[in-house]
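Structure assessment
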Amino acid sequence: MHGYQALIFDVDGTLAETERDGHRVAFNAAFADAGLPWHWDAATYGELLAVSGGKERIAHFAARHAPDLACRADFPALVGRLHWAKTACYMNLVAAGAIPLRPGVARLIDEARAAGLRLAIATTTSPENVDALLRANLRAAAGAAFTVIGAGDVVAAKKPAPDIYRWVLDRLALPAAACLAVEDSENGLRAALGAGLSCLVTVGEYSRGQDFAGARLVVEGLDQASLADLLARCGNG
Ligand code: XBP
Ligand code: MG
């Protein structure tokens, strides 16, 4: 008996490997369109992922590499324009089929629905991106199975702060002990643990080698076991 009533999924790195070929490409396109000489290669982007949130990531990079620009009064507006252009580009990439779900994810969602578990999302990325990813990769009914979607700026403090998980738990009207978070990163794990949740970690291409101490279970991917098996191994009593 696993005792869970809901699964709360992270998106980037967990449902899909979105970062290197999705978000990163979109950031670079937005920078080029704006005439900025910035280009984030795959390794640099991996380091920048320590800062969660796209606007926050741009501001962090600019503060170090373009401090004169970053201290201008109109810099926050520029960040907003860059981020909107990046989001539009990312949504186009996803709609064109560039970002599939990670192996096993669609099956786990089906198994969870069949088992009567509720499904939710707690992510740092923007809600438009979540919608685009679910539309592109899941049948309408499966996409609609996520009854609570906590995304982007609905909370001020992004992961590793626990706020997005608290926001989702509040709307699920469930205690943390009834829910299992599914994450790919140390920042995400910290956020889940901070909200009192148990967490299953599926290691991703950018999170290999991170510290997953405190996770209930760490797996390479979600395609190696059934939901029943994973929940039994993550059991909360
Ligand atoms: C995801 C993020 C996001 C994406 C980009 O982290 O940090 O910022 O990289 O999305 P997590 P936005 O998987 O821990 O939620 O540009 O929309 O922020
Ligand atoms: Mg993630």
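Here's a quick rundown of the structure. (Residues numbered from 1 in each chain as written. Chains lettered and ligands numbered in written order. Predicted model: local features only at pLDDT ≥ 70, side-chain atom pairs only at ≥ 80, totals over all residues. Heavy atoms only, no water.)

**Some thoughts on the overall build of the chain**
Broken down by element type, the chain carries 11 helices and six strands. Relative to the 2.2 N^0.38 estimate, which gives 18 Å for 237 residues, the radius of gyration of the chain is 18 Å and therefore close to what a compact globule would have. Its C-alpha atoms put the chain at 60 × 35 × 30 Å along the principal axes. Looking at the chain as a whole, 52% of its 237 residues qualify as buried. For the chain, the share of sequence-separated contacts (at least 6 apart) that also reach a separation of at least 24 residues comes to 67%. When the accessible surface of the chain is totalled, it reaches about 10,200 Å², and 54% of it is carbon and sulfur. In the chain, the 22 positive side-chain charges and the 26 negative ones have mean positions that sit 3 Å from each other. (Helix = DSSP H or I, 4+ residues; strand = E, 2+ residues; numbered from the N terminus. Rg over C-alpha atoms; globule rule 2.2 N^0.38 Å. Buried < 20%, exposed > 50% of the residue type's maximum accessible area, 1.4 Å probe, protein only. Contact = heavy atoms within 4.5 Å. Areas by Shrake-Rupley, 256 points an atom, 1.4 Å probe, with all protein chains shown as cover. Lys, Arg positive; Asp, Glu negative; His and termini not counted. Charge placed at Lys NZ, Arg CZ, Asp CG, Glu CD.)

**A short note on unusual backbone geometry**
In this chain, Lys159 is followed by Pro160 through a cis amide linkage whose omega measures 15°. With respect to the secondary-structure elements, Pro160 resides in the loop between strand 3 (146-151) and helix 9 (163-172). In this structure, Ala173 is a non-glycine residue whose phi angle is positive, near 55°. Looking at where Ala173 falls in the secondary structure, it is placed in the loop between helix 9 and strand 4 (179-183).

**Brief notes about the nonpolar core**
Within the largest apolar cluster, 38 residues are counted, with the highest numbers of intra-cluster contacts made by Leu7, Leu15 and Leu200. For this core, the domains that each give at least three residues are domain 1 (6-17 + 100-233) and domain 2 (19-95). The next biggest cluster of nonpolar side chains, apart from the first, holds 27 residues, and it includes Val168, Leu174, Ala181 and Leu189. (Core = buried A, V, L, I, M, F, W, Y, C linked by side-chain atoms within 4.5 Å. Domains from an automatic or database assignment.)

**Quick notes on the coordination of the magnesium ion (ligand 2)**
Think of it this way: four donors in a tetrahedron around the metal ideally sit 109.5 degrees apart, and six in an octahedron ideally sit 90 or 180 degrees apart. Here the magnesium ion (ligand 2) is held by the protein donor atoms Asp10 (OD), Asp12 (O) and Asp184 (OD), which lie 2.1 Å from it. In the primary sequence, the donor residues of the magnesium ion (ligand 2) line up as D-x1-D-x171-D. Here Asp184 lies in the loop between strand 4 and helix 10 (186-194) and Asp12 lies in the loop between strand 1 (6-9) and helix 1 (19-33), a separation of 172 residues in the sequence. By the burial criterion, Asp12 is buried, and Asp184 matches it. (Donors = N, O, S within 2.8 Å, 3.2 Å for Na, K, Ca; no water.)

**Focus on the packing of aromatic side chains**
All told, the structure shown has 10 aromatic pairs when counted by the stated rule. An angle of 45° between the planes, with centres 5.0 Å apart, marks the rings of Phe27 and Trp40 as tilted. Here Phe27, found in helix 1, pairs with Trp40, found in the loop between helix 1 and helix 2 (42-48); they are 13 residues apart in sequence, far enough to count as distant. Grouping residues by exposure puts Phe27 and Trp40 together as buried. Here the aromatic cluster, defined as three or more aromatic residues joined through ring pairs, consists of Phe27, Phe31, Trp38, Trp40, Tyr45, Phe61 and Tyr206. Above the ring of Tyr90, the side-chain terminus of Lys86 is found at 5.4 Å from the ring centroid. (Phe/Tyr/Trp six-rings, centres within 6.5 Å; stacked < 30°, edge-to-face > 60°. Lys NZ or Arg CZ within 6 Å of the ring centre and 35° of its normal.)

**Some remarks on the site of ligand 1**
Surrounding ligand 1, one finds 18 residues, the nearest of these being Gly54, Arg57, His83, Lys86 and Thr125. Gly54 places a polar main-chain atom, nitrogen or oxygen, 2.6 Å from an oxygen atom of ligand 1. Between ligand 1 and Thr124, the relevant distance is 2.9 Å, taken from an oxygen atom to a main-chain nitrogen or oxygen of the residue. Residue assignment for the shell around ligand 1 shows that the elements contributing at least two residues are helix 1, helix 3 (54-65) and helix 5 (75-95). No other element matches helix 1, which puts three residues into the shell around ligand 1. Looking at the shell around ligand 1 residue by residue, the classes come out as two nonpolar, 10 polar and six charged. Two domains each provide a minimum of three residues to the shell around ligand 1, namely domain 1 (6-17 + 100-233) and domain 2 (19-95). (Near = heavy atom within 4 Å. Polar contact = N/O pair within 3.5 Å; in protein donor to acceptor, adjacent residues only side chain to side chain. Nonpolar A, V, L, I, M, F, W, Y, C, P; charged D, E, K, R; others polar.)

**Focus on the pairing of strand 5 (residues 198-202)**
With respect to burial, strand 5 is a largely interior element, five of its five residues being buried. Residues Ser198, Leu200 and Thr202 of strand 5 are buried on one face, and the alternating residues Cys199 and Val201, pointing to the opposite face, are buried as well. In terms of strand pairing, strand 4 meets strand 5 through four bridges, oriented parallel. Bridge pairing in strand 5 links Leu180 to Ser198. Crossover connection from strand 4 via helix 10 to parallel strand 5: handedness right-handed. The sheet contact formed by strand 5 and strand 6 (residues 217-219) spans three bridges and is parallel. Looking at strand 6, one finds that Val201 is bridged to Val218. (Pairing = 2+ DSSP bridges. Right-handed = clockwise from strand over helix to strand, strands pointing away.)

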